[in-house]
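# Results of the structural survey
One letter stands for each residue in the lines below.
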Amino acid sequence: MVKRAPSRFNPDLLAREDVRFEATLPISQFPRLSELVLETDGNLVASFDVHERKSHRVVRGSLTFDAVMQCQRCMEPFSSAVQANFELVCVNTLEEANALPDALDPVVLDEDGQLHLVDLLEEDALLQLPDIPKHEDDDSCQPDVNSFGEIQNQEETQKPNPFGALKDLKLS
Ligand SMILES: [Zn+2]
């Protein structure tokens, strides 16, 4: 069964249901993500389930969105399809988060024991963004196209005229 995910929820209650949750959130709702991308009018789409594992409540799922970033090589915007899988352990405090084994990633609940969708998804979305965004294919990446074209034109005009020598011959 698939349900629409609430924007905040108690993971204990959701863990009792055998349900897969889906969420579509505007990128503009993610404050840190919004600062790193050029366009915030797209959506982030996620799906996840909540289950109990040992004494933990675990949220497991995936997210996807199109990140529009500025290429650091040619300075033009480009779009990159981002996809991430995540598995996060719900904790109540930062101390609990720090006490988790390194292999487990925490997500901290608010003071009411509620999990916020934005908190759940933003960290993993950020991790997928490249440190230095740039075009993946060289064909789309044209650093400084204009000045490169000018250099080519100069070379064109500086080429010796093949008839030049002939003209000189006739004159002498
Ligand atoms: Zn580029």
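Everything numeric in this text was worked out from a predicted model, so none of it was measured.

## Some details on the overall build of the protein
Assigned secondary structure in the protein consists of 6 helices and 8 strands. Order of helices (α) and strands (β) in the protein, N terminus to C terminus: β-β-α-β-α-β-β-β-α-β-β-α-α-α. Taken over 172 residues, the protein has a buried fraction of 18%. Put simply, of all contacts in the protein between residues at least 6 apart along the chain, 51% involve residues at least 24 apart.

## Concerning the nonpolar core
One finds Leu-44, Val-59, Leu-120, Leu-121 and Ala-125 to be the most contacted residues of the largest nonpolar core, which totals 26 residues. Only β3 (20-26), β4 (43-53), β5 (56-70), β6 (77-91) and α4 (117-127) provide two or more residues apiece to this core.

## Brief notes about the sheet that holds β6
Within the open sheet, the 6 strands sit side by side as β1-β3-β4-β5-β6-β7. Their pairing is mixed. This sheet does not close on itself; its edge strands, each paired only once, are β1 (2-4) and β7 (105-108). Between one strand axis and the next, the sheet turns through 35° on average, direction left out of account. In terms of strand pairing, β3 meets β4 through 6 bridges, oriented antiparallel. Bridge pairing in β4 places Leu-25 opposite Leu-44. Along the sheet, α4 contacts β3, β4, β5, β6 and β7; its crossing angle with β6, the most-contacted strand, is approximately 125°.

## Section: unusual backbone geometry
Non-glycine residue Lys-54 carries a positive phi angle of around 50°. Here Lys-54 shows up in the loop between β4 and β5. Here the phi dihedral of Met-75 falls at roughly 65°; this positive angle occurs in a residue that is not glycine. Along the chain, the position of Met-75 falls in the loop between β5 and β6. What makes Met-75 exposed here is the crowd of 10 C-beta atoms within 10 Å.

## Observations concerning the environment of Cys-74
Within the element layout of this structure, Cys-74 appears in the loop between β5 and β6. Along the sequence, Cys-74 and Pro-143 sit 69 residues apart, while their C-alpha atoms lie 3.9 Å from each other. Discounting residues that sit within four places of it in the chain, Cys-74 has contacts with His-135, Cys-141, Gln-142 and Pro-143.

## Considerations on the confidence of the model for the protein
Summarising the model, the protein shows a mean pLDDT of 87, and 83% of its residues fall at 70 or more. Here residues 149-154 is modelled with pLDDT under 50, and outside its nearest four sequence neighbours on either side it reaches 0 contacts, counting other chains as well.

## Some thoughts on the pairing of β5
Across 9 bridges, the pairing between β4 and β5 is antiparallel. The residue bridging Arg-53 from the neighbouring strand is His-56, located in β5. Counting the residues in the hairpin turn of β4 and β5 gives 2 residues, including Lys-54, whose phi is positive at 50°. Across 13 bridges, β5 lies against β6 in antiparallel orientation. Looking across to β6, one finds that Val-59 is bridged to Leu-88.

## Some words on the environment of Glu-123
Within the secondary structure, Glu-123 sits in helix α4. We classify Glu-123 as partly exposed; it has 18 C-beta atoms within 10 Å. Along the backbone, Glu-123 and Phe-30 are 93 residues apart, and their C-alpha atoms lie at a distance of 9.7 Å.

## Some thoughts on the environment of Asp-124
With respect to the helices, strands and loops of the structure, Asp-124 is situated in helix α4. Considered as a pair, Asp-124 and Gln-83 are 41 residues apart in the sequence and their alpha carbons are 9.5 Å apart. What Asp-124 contacts, discounting residues up to four positions off in sequence, is Leu-63, Ala-84 and Phe-86.

Quick notes on the rules
- Residues numbered from 1 in each chain as written.
- Predicted model: local features only at pLDDT ≥ 70, side-chain atom pairs only at ≥ 80, totals over all residues.
- Helix = DSSP H or I, 4+ residues; strand = E, 2+ residues; numbered from the N terminus.
- Buried ≥ 20, exposed ≤ 12 C-beta atoms within 10 Å, placed from the backbone.
- Contact = placed C-beta atoms within 7 Å.
- Core = buried A, V, L, I, M, F, W, Y, C linked by C-beta atoms within 7 Å.
- Pairing = 2+ DSSP bridges.
- Axes fitted to C-alpha atoms, helices over the stretch in contact; angles between N-to-C directions.
- pLDDT = per-residue confidence, 0-100.

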